[in-house]
Amino acid sequence: MNAGVYLDHNATTPVAAEVISQMVDAMSQAWANPSSVHGPGQGARRTLADARARVARFIGCLGTELVFTSGATEANHMAVLGALTARRASMRQRVVMSAVEHAGLLALAQRLRSEGVVVDLIGVDAQGRLDLPQARRLIGTDVALVCLMAANNETGVTMPVADVAPLAQAAGAWMHVDATQALGKSALNFAASGADLMAVSAHKIGGPKGIGALVVKKGLALPPLLSGRQERHRRGGTENLPAIVGFAAACDAAAAALAHDLEQMRSLRQRLQAGLVGALPEVHVFGAEAPRLPNTLCLRFGELDAELVLSRLERAGVVAASGAACSAGGTQPSHVLLELGASTAQAKAGVRFSLGPQTTGEEIEVVIAAALRVIGPLLAPAPAAAIAA
Ligand code: PMP
């Protein structure tokens, strides 16, 4: 598949050849059920244990703290629904989360509200930074769970997990971190994060889709979403071993080059930002003053609708994304950009460029040139009509 210049790594990433080859090996050689007691089953079990140790090493947790899931969406659901169940007896039924969490988690919050659960949202400022005083006010002793993403998928703005985790702990609430976008794009470490629970997903770091994990801190009694005896009774269902092996291979590859990749993405992102902002004064960068992931650049070209910008860019060979969701009723403005105080038109204009470790300097120059060529003229004021003599 030739996608031109692909700058949508926050949506998903290409799968590396090494990942595919290890997955093929797992499918052809470790196809037995890891729960079976016979020889082939025990072989698959060893493959699973090896993959688990590699993923745990990259995340900075114990292998026994990892529960493999179908991805971060499932992990987020398991954290929230499990916490509400586990903490019912202690009368903790309130949930606090940021207003810019992933759409899937906010949709769950909406569903819970319709069932009578109180879910309070912590806002962000115009740069996308969490309102810490509001967090302090909302996190009380009736809270079951605090959810805070490590980094926002649209703006790349990182969230102050290190400041919020002690607030949760002091209130006796559990702390869940959706680290889907931070894995592979920061020095993420579960043990050092102060989190009780953490969601991650393989397909954001060069692994396959449909596999992720919830890290459950040792000793935390979290009930399962899917009952069964796999994953130490925390997630029933025969393990998706090829995908788990692919996740491990992606973790190994990301770990081997992490410091280099972060630095390279940061400098290319800065070049892209400077190239666009310098040439087009109408460009506004979201979260420019906030700490951000090194790979993400979210901006708007004046108030040009993202749909128009993205289609023009794609015709020029550049693939990017918008935070706005398309639905039957037309484009919906990005909920994240609205939280930053953007107007509806501005929130529909948000365009996200997200780089990957494979992104090159040449590609960034192609993107800058393409944007100036195909978007620039849409921004320029119409030339004054020539007056006929
Ligand atoms: N949380 C965040 C912050 C994400 O960016 C995503 C993926 N867009 C998810 C959760 C969902 O991940 P998955 O595709 O593994 O369900």
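Cut-off values and rules
Once a new chain begins, its residue numbering starts again from 1 and follows that chain's sequence as written. The predicted nature of this model means local features are confined to residues of pLDDT at least 70 and side-chain atom pairs, given and counted, to a pLDDT of 80 or more, with totals for whole chains, interfaces and linings taken over all residues. Water and hydrogen atoms play no part in the side-chain values, which are based on all heavy atoms of the structure. Using a 1.4 Å probe on the protein chains alone, a residue whose accessible area is under 20% of its type maximum counts as buried, one over 50% counts as exposed, and one in between counts as partly exposed. Each helix corresponds to a stretch of at least 4 residues labelled H or I by DSSP, and each strand to a stretch of at least 2 residues labelled E; elements are numbered beginning at the N terminus. A pair of strands is considered paired only if DSSP assigns at least 2 bridges between the two. Like-charged residues are merged into a patch within 9 Å and nonpolar side chains (Val, Leu, Ile, Met, Phe, Trp, Tyr) within 5 Å, provided each residue has over 30% relative accessible area and no salt bridge. Residue burial considers only the protein chains on display, and all accessible areas are found by Shrake-Rupley using a 1.4 Å probe. A pair is scored as a salt bridge if a Lys or Arg side-chain nitrogen falls within 4 Å of a carboxyl oxygen belonging to Asp or Glu. Residue ranges for the domains originate in an automatic or database domain assignment. It only takes one pair of heavy atoms within 4.5 Å for two residues to be counted as in contact. In the analysis that follows, any N or O atom pair within 3.5 Å is treated as a polar contact, provided that within protein one partner can donate a hydrogen and the other can accept it, and provided that, for residues neighboring in sequence, both atoms belong to side chains. Three residue categories are used. Nonpolar comprises Ala, Val, Leu, Ile, Met, Phe, Trp, Tyr, Cys and Pro, charged comprises Asp, Glu, Lys and Arg, and polar comprises the others, including Gly. Lines fitted to C-alpha atoms define the axes, with helix axes restricted to the stretch in contact, and inter-axis angles between N-to-C directions lie between 0 and 180 degrees.

## Here we look at the pairing of strand β5 (residues 143–149)
For β5, the buried fraction is high: seven of the seven residues fall into the buried class. As paired elements, strand β3 (residues 94–98) and β5 share four bridges and run parallel to each other. Each bridged residue has a counterpart across the sheet, and for R94 the counterpart in β5 is V143. The sheet contact formed by β5 and strand β6 (residues 174–178) spans five bridges and is parallel.

## Digging into a nonpolar patch on the surface
On the surface, V15, I20, V24 and M27 cluster together into a nonpolar patch covering about 330 Å² of accessible area. Residue V15 is classed as partly exposed on the basis of its relative accessible area, which comes to 32%.

## Some details on the domain arrangement of the chain
Assigned domains of the chain: these are domain 1 (5–11 + 258–380) and domain 2 (17–253). Each of domain 1 and domain 2 has a C-alpha centre, and the two are 28 Å apart. Listed per partner, the contact involves 25 residues of domain 1 and 28 residues of domain 2. Where domain 1 touches domain 2, the interface holds zero salt bridges. Counting across the interface, domain 1 meets domain 2 through 12 residue pairs in polar contact (both at pLDDT 80 or more). Sorting the residues of the side of domain 1 that touches domain 2 by element identifies α10 (258–279), β10 (296–301) and α12 (335–339) as the ones contributing at least two each. The element that contributes the greatest number of residues to the side of domain 1 that touches domain 2 is α12, accounting for four residues. The residue makeup of the side of domain 1 that touches domain 2, split by class, is 14 nonpolar, seven polar and four charged.

## What to know about the pattern of salt bridges
Under the counting rule described, the total for this entry stands at 11 salt bridges. Between R111 and E115 there is a salt bridge whose closest N-O contact spans 3.9 Å. Close ionic contact of E365 with R271 constitutes a salt bridge, the shortest N to O distance being 2.8 Å. Taken as a pair, E365 in helix α14 (residues 361–374) and R271 in helix α10 lie far apart in primary sequence, 94 residues in all. Judged by relative accessible area, which is 36%, R271 ranks as partly exposed. The structure contains a network of salt bridges with shared partners spanning D50, R54 and D252.

## Points about the sheet that holds strand β7 (residues 197–201)
The pairing of strands in a sheet comes from backbone hydrogen bonds and takes either a parallel or an antiparallel form. Across the sheet, which stays open at both edges, the seven strands sit in the order β2-β8-β7-β6-β5-β3-β4 with mixed pairing between neighbours. The open sheet has two edge strands, β2 (66–69) and β4 (119–122), and neither has a second partner. Strand-to-strand twist of the sheet, defined as the mean angle between neighbouring strand axes without regard to direction, takes the value 20°. Sheet topology note: the β6/β7 ladder contains three bridges and is parallel. If you follow H176 over to β7, its bridge partner there is L197. Packing against the sheet, helix α4 (residues 103–114) makes contact with β3, β4 and β5, and its axis sits at approximately 145° to β4.

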